[in-house]
Every structure is written in C-alpha cells, then in structure tokens.
Amino acid sequence: MSQPVRTLRVVPDVDPAKAEAEERAREEQRARDRALVERARKGDQRAWGRLYQEHFDRVFRYAVYLVGDEDLAEDLTQETFARALVSLSKYRGDAAVRTWINCITVNVAREH
C-alpha cells in the first residue's frame, strides 16, 4: 500500500526544510503517543506515567488559559488526567493524543 502524498504549505520567511523537519517531529510524537496509549491500555503504568509527563505542562498551561487561576488549573489538570486514564479504552486514535487530552481539559473546565 502506498503512502499518501503529503504536501507542505510554504509560508513566507519559513525554511521549507525546517517546516518539513517539524512536521516529521510531530508525526514521530504522534506515533510515540499512540504506542504509549496502547501499552497503557494493557496496564503498563510506566507508559501511562510517560504520557502524563509528556503532556502535563501543556495541559496545565491550557487549563490556566481557560480558567485564569493556577490553583484551580492544577486541580483541573489532575482531573483531566484522571478522566483520560479512565477513558483510555474509548480513545479511537482518530485524533492526536494531544487533541484528545485537550478536549478532555475543555470539558473538565466547562463542568467546573
């Protein structure tokens, strides 16, 4: 099966080689995340810990942005990861893990 043709949008003042390297890095991160999710689904606590470590700072910053309070954002971040852990079996892989966790963060913030 052949790979789909990928095109990069060239933006003025952006090095196409750098943009391609950044896209490769994002794809590699997505692949690592998917592998970690699969391992975590099978009960691998180290895989879950790695997902947590890799996404915690970004989720916390996003929660601060959403609610404007660091103490509350810390609580919401913990709740986000608790829900993500419980919902691992529901993650279909249609979106990046990052996107999936962001959606959980938004829902947690809305419910607060």
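What comes next concerns the included structure. Predicted model only: the values in this text are computed from it and were never measured. (Residues numbered from 1 in each chain as written. Predicted model: local features only at pLDDT ≥ 70, side-chain atom pairs only at ≥ 80, totals over all residues. Heavy atoms only, no water.)

A look at the side chain of Thr80
Its place among the elements puts Thr80 in helix α3 (residues 70-86). The exposure class of Thr80 is buried, given its relative accessible area of 1%. Those residues within four positions of Thr80 in sequence are excluded, and the remaining contacts are Val59, Ile101, Ile104, Thr105 and Val108. (Helix = DSSP H or I, 4+ residues; strand = E, 2+ residues; numbered from the N terminus. Buried < 20%, exposed > 50% of the residue type's maximum accessible area, 1.4 Å probe, protein only. Contact = heavy atoms within 4.5 Å.)

Points about the nonpolar core
Counting 18 residues, the largest nonpolar core has Val37, Trp48, Leu51, Leu88, Val97, Trp100 and Ile101 as its most contacted members. Taken together, the elements giving at least two residues each to this core come down to α1 (16-41), α2 (45-67), α3 and α4 (97-111). Looking at which element gives the most residues to this core, the answer is α4, with six residues. Here Ile101 is in contact with His55, Val59, Thr80 and Phe81, once residues within four sequence places are set aside. (Core = buried A, V, L, I, M, F, W, Y, C linked by side-chain atoms within 4.5 Å.)

Details of α1
Across its 26 residues, α1 extends 37 Å between first and last C-alpha, which sits within 8% of the 38 Å expected from 1.5 Å per residue. Of the positions making up α1, those classed as buried are Ala19, Glu23, Asp33, Leu36, Val37 and Ala40. For α1, the elements touching its buried residues are α2 and α4. At the N-terminal boundary of α1, the capping side chain belongs to Asp15, with an oxygen 3.1 Å from the backbone nitrogen of Ala17. Just downstream of α1, Gly43 is the residue with a positive phi angle, here 95°. (Expected span 1.5 Å × (residues − 1). Polar contact = N/O pair within 3.5 Å; in protein donor to acceptor, adjacent residues only side chain to side chain.)

Some details on a negative patch on the surface
Taken together, the side chains of Asp69, Glu70, Asp71, Glu74 and Asp75 make up a negatively charged region of the molecular surface. Within the fold, Glu70 resides in helix α3. (Patch = residues over 30% accessible without salt bridge, like charges linked within 9 Å, V, L, I, M, F, W, Y side chains within 5 Å. Areas by Shrake-Rupley, 256 points an atom, 1.4 Å probe, with all protein chains shown as cover. Salt bridge = Lys/Arg side-chain N within 4 Å of Asp/Glu carboxyl O. Lys, Arg positive; Asp, Glu negative; His and termini not counted. Charge placed at Lys NZ, Arg CZ, Asp CG, Glu CD.)

A look at the packing of aromatic side chains
One pass over the structure, following the stated rule, counts seven aromatic pairs. A ring pair is formed by Phe56 and Phe81, whose centres lie 6.4 Å apart and whose planes are at 20°; its orientation type is stacked. Here Phe56, found in helix α2, pairs with Phe81, found in helix α3; they are 25 residues apart in sequence, far enough to count as distant. For Phe81, a relative accessible area of 3% gives the class buried. Between Tyr62 and Tyr65, the ring centres sit 6.4 Å apart and the planes meet at 10°, which makes this aromatic pair stacked. With Tyr62 and Tyr65 both in helix α2, this residue pair falls three residues apart, about one helical turn. Taking relative accessible area as the criterion, Tyr65 reaches 67% and is therefore assigned exposed. Aromatic ring contacts, followed pair by pair, group Trp48, Tyr52, Phe56, Phe60 and Phe81 into a single cluster. (Phe/Tyr/Trp six-rings, centres within 6.5 Å; stacked < 30°, edge-to-face > 60°.)

Spatial relationships are all this shows, so hold off on functional conclusions.
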